[in-house]
Amino acid sequence: MKRLFIAVVFTAGMMVSGQVYAIGDGVAKAAIQEAGSVARAAINKNKSEVNVENSTLKNDVEMKNAISIGNTGISAKADKVNIKNSTIDNKVKLKNAVNVGNAGVELGK
Amino acid sequence: MHKFSSIAILALFFVCGFDKSAMADAIEQFNKNRIKQMSKFSDRYNYYEKKNGVVQRGSKNTGLDTRKVQGYGKVYNWVEINNSKLGSVSSSIGKRFKAANPIARKESGPDRNLGVISSCRKVHSVSNTVKIKNSKVENAIIGADVNSGVSVTGCGKGVSLTGKSIKNSVTVNKSRVGGAAGLLK
């Protein structure tokens, strides 16, 4: 009888501690997730964004026997780029030419 | 109105049996003249042409900055530099600090603009045509850059090109464009 009582108490104790452990684990997980999303939001707060939606970007650059330093194409710089329902047509021809910089379509860094 | 005129020109060439390149040249000439005429009346249009060292009549600015443009309509830029030189050593001395300092360069944009620099707050639809032939567009600064295309840069939070049409056409032939171009001789 005494042994049975000890066994029941022991089993009950194990179950409770397991549940407590499980609850603690869940709380820690939620806290970490929350901290992560806050950190992500803080990082993204200062990030710039370029949205290209229902747009047409047509780039046609031709260089022959030439040197160019700088931008000759289409450039929209940002940390994050969203492109949706858009057409980007990029045609670049270089013949005996040097181009330092962007000659195409540059969206984002 | 101008669309109707373009169609009329197309139809005329089709009937007369001219080849494709002649037709393309005619349309291009028509567009150039239209931008040239309109640039007299509207800040959304810019025309600049320098030929054999002489700035042609009707020329406005070497490039278009849409931050100075009022309204929301499409902007048109047409720049042609033919057998000429643009920029000099004396005019670029004051920019030496800027060229050496990347932060200053980032904030103030390219050293010379022939194309279109767009405002971040309102991006217009753009038609940009730049033709450089047998010419030098330069600064004495090594690494100084020139924008001949369409540039939307330095936007803090972000920029939206939603519903915009950006057409960029740049032709550089037998020319040097950019910093220290003269030193490469």
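Residues numbered from 1 in each chain as written. Chains lettered and ligands numbered in written order. Predicted model: local features only at pLDDT ≥ 70, side-chain atom pairs only at ≥ 80, totals over all residues. Heavy atoms only, no water.

A look at the interface of chain B and chain A
Link 1 in the chain: With 38 residues of chain B at the interface, the matching set in chain A holds 34 residues.
Link 2 in the chain: The junction of chain B with chain A conceals about 2600 Å² of combined surface from both sides, 46% of it contributed by carbon and sulfur atoms.
Link 3 in the chain: Taken together, chain B and chain A are joined by zero salt bridges.
Link 4 in the chain: Linking chain B to chain A there are 33 residue pairs in polar contact (both at pLDDT 80 or more).
Link 5 in the chain: Counting residues per element, the side of chain B that touches chain A draws most heavily on strand β13 (residues 165–173) of chain B, at nine residues.
Link 6 in the chain: Residues that form the side of chain B that touches chain A fall into these classes: twelve nonpolar, 19 polar and seven charged.
Link 7 in the chain: In this sheet, strand β10 (residues 146–147) of chain B lies alongside strand β3 (residues 67–71) of chain A in parallel orientation, the contact comprising two bridges. (Contact = heavy atoms within 4.5 Å. Buried area = accessible area lost by both parts, 1.4 Å probe. Salt bridge = Lys/Arg side-chain N within 4 Å of Asp/Glu carboxyl O. Polar contact = N/O pair within 3.5 Å; in protein donor to acceptor, adjacent residues only side chain to side chain. Helix = DSSP H or I, 4+ residues; strand = E, 2+ residues; numbered from the N terminus. Nonpolar A, V, L, I, M, F, W, Y, C, P; charged D, E, K, R; others polar. Pairing = 2+ DSSP bridges.)

Remarks on the domain arrangement of chain B
Residue and element names in this part refer to chain B.
Link 1 in the chain: According to the domain assignment, chain B consists of domain 1 (1–38) and domain 2 (46–177).
Link 2 in the chain: With six residues of domain 1 in contact, the opposing surface of domain 2 contributes eight residues.
Link 3 in the chain: The residue Lys 131 makes a salt bridge to Glu 28 at a minimum N-O spacing of 3.2 Å.
Link 4 in the chain: Our enumeration of links across domain 1 and domain 2 arrives at three residue pairs in polar contact (both at pLDDT 80 or more).
Link 5 in the chain: Of the residues that constitute the side of domain 1 that touches domain 2, the class distribution is one nonpolar, one polar and four charged. (Domains from an automatic or database assignment.)

Details of the environment of Gly63(B)
Residues and elements named next belong to chain B.
Link 1 in the chain: The topology assignment puts Gly 63 in the loop between β2 (54–55) and β3 (64–65).
Link 2 in the chain: For the pair formed by Gly 63 and Val 130, sequence separation is 67 residues and the distance between their alpha carbons is 9.0 Å.
Link 3 in the chain: Once you skip the residues sitting within four places of it in the chain, Gly 63 turns out to touch Asn 46, Asn 77, Val 79, Asn 113, Leu 114 and Gly 115.

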